[in-house]
Each structure stands twice: as C-alpha cells, then as structure tokens.
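Structural description and commentary
Here are the chains, one letter per residue:
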Amino acid sequence: MNKFAGLDLLASAVLVMDPQGCIVYANPAAENLLERPFKLLFKLRLKDLFLNGDELLTGFEQAVAQQFADRRQDLILERNGHEPLHVHSIVTALDHPDMPVLIELRENVQQLKLDREERMQDQNKENKELIRNLAHEIKNPLGGIRGAAQLLELELPERDAKELREYTQVIIKEADRLQVLVDRLLAPNRLPQVIADVNIHEVCERVRSLIVAEFPKGLSIKRDYDLSIPEFRGDQQQLIQAVLNIAHNAAQALRMRMAEGDAEIVFKTRVVRQITLAKIRYRLALDLHIIDNGPGIPPNIRDRIFYPLVSGRDGGSGLGLTLAQAFVTQHAGIIDCESRPGCTDFRILIPLP
C-alpha cells in the first residue's frame, strides 16, 4: 500500500474503501480513533464498524456512483462497547476502479468539549441535590443523638461516672465530627459573597503557603504566572478553598515522590480569549492550571472524581473535588482534569471582566 504512505502522516483518520464497501486501507490515526489495528479493520464494512452508519454508507454509495467529488457532514457515530464518535466526515470519490472512495474522519473537538461541559454542569446539579438531601438526612438526628448523650452523662451514677463518661464522650465527639462533615456538605449551597475584587495570584500564594507549611520537605511548588490577569468579582475564601482542595489532593498523591525529593506542583495562570463556558460566550477567561508529577488518578475513578464520596485515597472523604467544583461553578466557571502517570493537570476556567 505504498501509494498511500503519505496518508500515514495525517492526524485525521483515513479509510480507503473498495467497490464493495470494505476497508482496504486505514492509516495509524484511523487505528487510534477506531481503537482497532488495521488487521482487524481490513475488509470490514461500514455497518460492521458503526451502529448508525447509514449516512456514511449513503455517502459511500453516492461517491461510487460519481454523484459528487466530496461530501462533508458532521456525524455522531455509535459503536458497540465504546463512546460515540463526534466527527466531521469527508467522503471523497477517487478515480481508481479498485479503490473508488476515501473517507476522512476528523474528531469534532469543539462538540466533544461542549458535550463534556454540559455533562459536568448536569453532574454538578445532581451532586448538589444529592449533597443537600444527604446532609439534611444526617443533620436532623444529630442534634438529638448529641443531646441524648449529654443528658445520659448527667444521669450517670457517681460511682460509675468516670468510667462510663468515656462512652458518652465518644458519642458526643463523633456527633460533633459528623456535624463538621455535614457543614462541609452544605457549604456548596452557599452563594458566593461578592464583597471584593479577587486577585487569583493572591489566592494561589495563600494556598502555596498552606501547602508548604504542611509538606515542608521534598515538595517543590513552582509558579508560572501571567501577571497581566485582571481582578474579578468573587468570593475569595471559596476560591482559596477550591484551589486548596485540589492542591492538597495533589500533595497527598505525591508522598512517595516527596520521599525521593522530586515531588512538584505547578501553579500556572493564563488568559484565554473568546471561550464558551456552560454555553455562554466570554471575551476573556482566567485559565488556571494546578499540575503535579504524581502517579495520576486511578483509571477506575477518573470519570467520577467530581462525584461526592468518590476518593482514590484511603481515608479520603471524597468531598474535596466536589466542593471545588461547586465553588468554581458558582463563579460561572468550570473545572476539568487530564491525568496520566507523571502528570495530572486540573484546569479551572472562570470568566474575566
């Protein structure tokens, strides 16, 4: 297939079809997109690849009949056991009797981004409702449990008071601990108190000082700031908490690298222009990255890290990222994450004036 060697270098997926509609060539980008090696794609038909490939098949048939030179359309191609593909397809008629059609598939990155943001917004709403209901279900009996334990302590016989008070104190302290947890669960439902302009670098520096104080050895925290970023109206304490939750999770994940002395967290700020957040177009937005060189987020929870009570660490509450997402969302922003071993990058986008 030397005649198609140049197609191997293309970033978009390319399939060459024979007159019967079978694949006779697929470039490496097509193998990656379709998640199959060429030896498994060879001689497959479009209907074998996609559950809803009718429009693509129609385009192939029209190309074979030489009804057009090329046909372009945006498609959502569904597959068994895999995520649907959002692609811009180009079906081109070739002047070759044995290979009459070339199909190019380009991932529609913008559509994927919009869909992902929409899912995150829906997820955040569901999270807030779940948290609110859970917190109230826990909070209502807590006061009664704590009050009953205090009354019981007062009624203890004097001869046994010292010994039995240990048990009532356990009840009271655990009730207080749960009360703190409930308060954290309800925190995302507080509206941001827009009382001052927020300087994002002051937020980052505050978080940096807290992390350095807790993890003084083996951890380097680097800054890569764009000092031209303007201030914006917001709740500084909420944003400090959001960034701190992410950075603290990163530091916890870096414990093994701290022992080796090469743990690293980077705070990086930039401005992005003409960006759409939650279906609203903004002229400018803050682009804040919190990057660490830890082991990465476990694959089994990577798609659920913003769900409440999901944690990749023993002893973790699974609330830190949920709260961070809620606080950022209340500032009309979004959080996203890309993770692989050696690099986890949390990205916060917030509109700027």
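Before reading further, recall that the structure is shown in the block above.
How each quantity is defined
Residues numbered from 1 in each chain as written. Predicted model: local features only at pLDDT ≥ 70, side-chain atom pairs only at ≥ 80, totals over all residues. Heavy atoms only, no water. Helix = DSSP H or I, 4+ residues; strand = E, 2+ residues; numbered from the N terminus. Buried < 20%, exposed > 50% of the residue type's maximum accessible area, 1.4 Å probe, protein only. Contact = heavy atoms within 4.5 Å. Areas by Shrake-Rupley, 256 points an atom, 1.4 Å probe, with all protein chains shown as cover. Pairing = 2+ DSSP bridges. Core = buried A, V, L, I, M, F, W, Y, C linked by side-chain atoms within 4.5 Å. Axes fitted to C-alpha atoms, helices over the stretch in contact; angles between N-to-C directions. Expected span 1.5 Å × (residues − 1). Polar contact = N/O pair within 3.5 Å; in protein donor to acceptor, adjacent residues only side chain to side chain. Salt bridge = Lys/Arg side-chain N within 4 Å of Asp/Glu carboxyl O. 1 Å grid on protein atoms, 1.4 Å probe; cavity = no way out; pocket = protein on both sides within 12 Å on 5 of 7 lines; lining within 4 Å. Points joined across faces, edges and corners; volume = space filled by probe spheres on them.

A short note on the overall build of the protein chain
Across its full length, the protein chain carries 10 helices and 12 strands. Counting only residues that meet the buried cut, the protein chain has 44% of its 353 residues in that class. Pairs at least 24 apart in sequence give 62% of the contacts found in the protein chain among residues at least 6 apart. Here the protein chain displays about 19,500 Å² of accessible surface, and carbon together with sulfur accounts for 52% of that area.

A short note on the pairing of strand E5 (residues 101–107)
Of all 7 residues making up E5, 5 are buried, and the element is well covered by its neighbours. Summarising the sheet, strand E1 (residues 13–17) and E5 pair through 5 bridges and their orientation is antiparallel. Bridged to valine 16 within E5 is leucine 102. Both strand E4 (residues 82–93) and E5 contribute to a ladder of 7 bridges, which runs antiparallel. Looking at the pairing, alanine 93 lines up with valine 101 of E5.

A few points about the nonpolar core
Formed by 45 residues in total, the largest nonpolar core has its most connected members in Ile211, Leu219, Phe346 and Ile348. Elements supplying a minimum of two residues to this core: helix H7 (200–214), strand E7 (219–224), helix H8 (236–253), strand E9 (263–277), strand E10 (280–292), helix H10 (320–329), strand E11 (334–340) and strand E12 (343–351). Here this core gets 9 residues from one element, more than from any other, and that element is H8. With residues near it in sequence (within four places) discarded, isoleucine 211 still touches Leu219, Ile221, Leu244, Ala247, His248 and Ala251. If you look at the next biggest cluster of nonpolar residues, it comprises 26 residues, including Met17, Leu33, Val91 and Ile103.

Some details on the sheet that holds E10
With respect to topology, 5 strands assemble into an open sheet ordered E7-E9-E10-E12-E11, the strand pairing being mixed. In the strand order of this sheet, the two ends are held by E7 and E11, each with one partner. Going across the sheet, the axis of each strand differs from the next one's by a mean of 20°, ignoring polarity. In terms of strand pairing, E10 meets E12 through 8 bridges, oriented antiparallel. When the sheet's bridge partners are listed, histidine 289 is paired in E12 with arginine 347.

Concerning H8
If you check H8, its first and last C-alpha atoms are 26 Å apart, about what 18 residues at 1.5 Å a residue would give, namely 26 Å. Across the 18 residues that make up H8, a large majority, 13, are buried.

Some remarks on unusual backbone geometry
Excluding glycine, residues mostly have negative phi values, and the peptide bonds linking residues are mostly trans. Unlike most non-glycine residues, glutamate 35 shows phi in positive territory, near 60°. Structurally, glutamate 35 is set in the loop between helix H1 (28–34) and helix H2 (38–41). The phi dihedral of alanine 332 falls on the positive side, at around 65°, and the residue is not glycine. As for its position among the elements, alanine 332 is in the loop between H10 and E11.

So, H7
Spanning 15 residues, H7 covers 21 Å between terminal C-alpha atoms, matching the ideal 21 Å at 1.5 Å per step. Residues of H7 that are buried make contact with strand E6 (196–198), E7, strand E8 (232–234), H8, E9 and E10. Between the side-chain oxygen at the start of H7 and the backbone nitrogen of histidine 201 there is a gap of 2.8 Å, and the oxygen is on asparagine 199.

Description of the pattern of salt bridges
Tallying each qualifying case throughout the model produces 11 salt bridges. Taking the shortest distance from any N to any O, the salt bridge between glutamate 104 and arginine 106 comes out at 2.9 Å. Aspartate 224 is paired through a salt bridge with arginine 270; the nearest N and O atoms lie 3.1 Å apart. Separated by 46 residues along the polypeptide, aspartate 224 in strand E7 and arginine 270 in strand E9 bring together distant segments of the chain.

Here's the deal with empty space enclosed by the protein
Vacant regions in the atomic arrangement are exposed by a probe of water-molecule size rolled over the atoms. According to the stated counting rule, one finds 2 cavities of 30 Å³ or more in the structure shown. The computed volume of the second largest cavity comes to approximately 30 Å³. Lining the second largest cavity, in full, are Ile200, Leu239, Ala242, Val243, Leu288, Val328, Ile348 and Ile350. Elements supplying a minimum of two residues to the lining of the second largest cavity: H8 and E12. It is H8 that contributes the most residues to the lining of the second largest cavity, 3 residues altogether.

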